[in-house]
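# Residue-level structure breakdown
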Amino acid sequence: MPRLVVLTGFLGAGKTTTMLTAGRLLGRRGHSVAVITNDQGTDLVDTRLAEAVVPDVSEVTGGCFCCRFEDLADLVTELLDGGRADTILTEAVGSCTDLQATVVRPLRARYRERLTVAPLTTVVDPARFDALAGDLGYLFDRQLAEADIIAVNKTDTLPRAELDALLDRIRGRHPTAGVLGYSASTGANVEELVSLWTGSRRSSPGVDLDVDYDRYAAAEAQLGWLNQTWQVTAADGFPARRWAHVALDSLSTACARRGHVIGHAKLAVQSPAGLIRMSVVAAGEPPRHEPTGSEDPSVAHATVLFNIRAACPPRDLESLLRTAALDADLTVGAAARPGPARAFAPSYPRPVHRLPAASA
């Protein structure tokens, strides 16, 4: 029977990298894999990255899975009817919670014998575990509380003793969840994570999560969303990787200086030299590059798509990005021209369905 995996977890936890690393592993095992990305906005870096790795990629935009449930269901039905995939990997918006009641149970109720829904997996960045406070901390706590599996990513960034202590703390706080440490970037323990999805453990219908939707909405309202495409040119050529690095580093530094929490800031560079992805998941940190490497051939033109999520008014994000692009222009001798900006704060979450545990 086809299987669907729902990943949740706060912005910047590494859900997309997890999905694609797992997708490669499943593909090598002979599985046909499809990916469904999700975002409040449109023009997604994650979708472009997924398209370079997995042959079957779709997206649900304009709201989280819970608020766009019928869009998600339409895509799942299309995949099932066409026999296109035996494994569907999905990632919910990083500011979303209450997915057991609003996504997992409705999917199980709708598809019953046609589809197995894997245990709900919350992906965690260990650097975030004690870092979020207030309403954002409440949102993060609810994401952990509803998880069947708590998957602690980026284990390669922690000393062994510190990692073991963190995993023990999480097990103590969430004794009913399976807890696993892994690294999506290195591949360590990803096989074990996939085994949890494909084994006998299933999403538990047992507990109705207590969610204060006003606090949930207040947390989302703190986050500014900005999606914008820039065209960067230079008659004599310019290093596109360097331009992108400077722009994202400038934005990260500016957010740190102003005290803006970055959920994630991602960009995708498309040029004759190929596709480059960079990301920042904490204000003040330098950009991470995918693929890594030092080659940066000169190009005359590049298209750069930014997806920025930060605790900052959306219009202020636009201003910070304009300044960052100018810094990059001056550094490499290029000229960047912005396209229309899609800048907003998420609206109040209004799920299409919310099924109690007794209905599962």
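Structure's up top.
So, a few notes on the structure that sits alongside this text.

As a further point, take the overall build of the chain. Looking only at helices and strands, the chain has ten helices and 15 strands in total. The C-alpha atoms of the chain give 20 Å as radius of gyration, which agrees with the globular expectation for 360 residues (21 Å, within 12%). Its C-alpha atoms give the chain principal-axis dimensions of roughly 65 × 45 × 40 Å. Within the chain, buried positions represent 57% of all 360 residues. Pairs at least 24 apart in sequence give 80% of the contacts found in the chain among residues at least 6 apart. Carbon and sulfur atoms make up 49% of the accessible area of the chain, which totals about 14300 Å². Positive and negative side-chain charges in the chain, numbering 37 and 42 respectively, have mean positions lying 1 Å apart.

This part covers the layout of surface pockets. By volume, the largest pocket is sized at about 520 Å³. As for the largest pocket, its lining consists of 34 residues, of which G14, T17, R277, S279 and E290 are closest to the centre. Secondary structure elements with two or more residues in the lining of the largest pocket: α1 (15-28), α2 (45-51), β10 (262-271), β11 (274-280), β12 (288-290) and β13 (298-310). Its residues assigned to classes, the lining of the largest pocket shows eight nonpolar, 15 polar and eleven charged.

Within this structure, the stated rule accounts for 20 salt bridges. Note that D56 and R84 form a salt bridge whose closest N and O atoms lie 2.8 Å from each other. Taken as a pair, D56 in strand β3 (residues 56-60) and R84 in the loop between α3 (69-82) and β4 (87-91) lie far apart in primary sequence, 28 residues in all. The exposure class assigned to R84 is partly exposed, which follows from its relative accessible area of 32%. A salt bridge links D130 to R169; its shortest N-O distance comes to 3.0 Å. Taken together, the residues D130 in the loop between β6 (121-124) and α5 (134-145) and R169 in helix α6 (residues 160-173) connect sequence positions 39 residues apart. What makes R169 partly exposed here is its relative accessible area of 35%. When salt bridges that share partners are traced, they join D46, K266 and R277 into one network.

This part is about the packing of aromatic side chains. Applying the stated criterion across every chain yields a total of four aromatic pairs. Taken together, a centroid distance of 6.2 Å and an interplanar angle of 80° make the contact between F129 and F140 edge-to-face. A residue pair is termed long-range when its members are at least 10 positions apart, and F129 in the loop between β6 and α5 and F140 in helix α5 qualify at eleven residues.

Contact pair α5 / helix α8 (residues 213-221): the axes reach a minimum separation of 8 Å and the direction vectors enclose 115°. In this structure, α5 crosses over α8, and the sense of that crossing is left-handed. Residues G134, D135, L136, Y138 and L139 of α5 touch α8, and the partners they reach there are R215, Y216, A218 and A219. When its residues are assigned to classes, the contact of α5 with α8 shows six nonpolar, one polar and two charged.

This paragraph deals with the pairing of strand β9 (residues 224-239). Across twelve bridges, the pairing between β9 and β13 is antiparallel. Bridging across to β13, G224 finds its partner in A310. Summarising the sheet, β9 and strand β15 (residues 342-344) pair through three bridges and their orientation is antiparallel. Note on β15: the bridge partner recorded for L226 is A343.

Take the nonpolar core next. Residues I36, L72, V76, L107 and I150 are the most contacted members of the largest nonpolar core, which totals 54 residues. Elements represented by at least two residues in this core include exactly β1 (3-8), β2 (33-38), α3, α4 (99-111), α5, β7 (149-152), α6 and α8. Here this core takes seven residues from α3, the largest share from any one element. With 38 residues, the next largest nonpolar core counts A240, A254, M278 and A324 among its residues.

Procedures and definitions
Residues numbered from 1 in each chain as written. Predicted model: local features only at pLDDT ≥ 70, side-chain atom pairs only at ≥ 80, totals over all residues. Heavy atoms only, no water. Helix = DSSP H or I, 4+ residues; strand = E, 2+ residues; numbered from the N terminus. Rg over C-alpha atoms; globule rule 2.2 N^0.38 Å. Buried < 20%, exposed > 50% of the residue type's maximum accessible area, 1.4 Å probe, protein only. Contact = heavy atoms within 4.5 Å. Areas by Shrake-Rupley, 256 points an atom, 1.4 Å probe, with all protein chains shown as cover. Lys, Arg positive; Asp, Glu negative; His and termini not counted. Charge placed at Lys NZ, Arg CZ, Asp CG, Glu CD. 1 Å grid on protein atoms, 1.4 Å probe; cavity = no way out; pocket = protein on both sides within 12 Å on 5 of 7 lines; lining within 4 Å. Points joined across faces, edges and corners; volume = space filled by probe spheres on them. Nonpolar A, V, L, I, M, F, W, Y, C, P; charged D, E, K, R; others polar. Salt bridge = Lys/Arg side-chain N within 4 Å of Asp/Glu carboxyl O. Phe/Tyr/Trp six-rings, centres within 6.5 Å; stacked < 30°, edge-to-face > 60°. Axes fitted to C-alpha atoms, helices over the stretch in contact; angles between N-to-C directions. Left-handed = near helix turned anticlockwise from the far one by under 90°. Pairing = 2+ DSSP bridges. Core = buried A, V, L, I, M, F, W, Y, C linked by side-chain atoms within 4.5 Å.

From the geometry alone we can't say anything about function, so treat these as descriptive.
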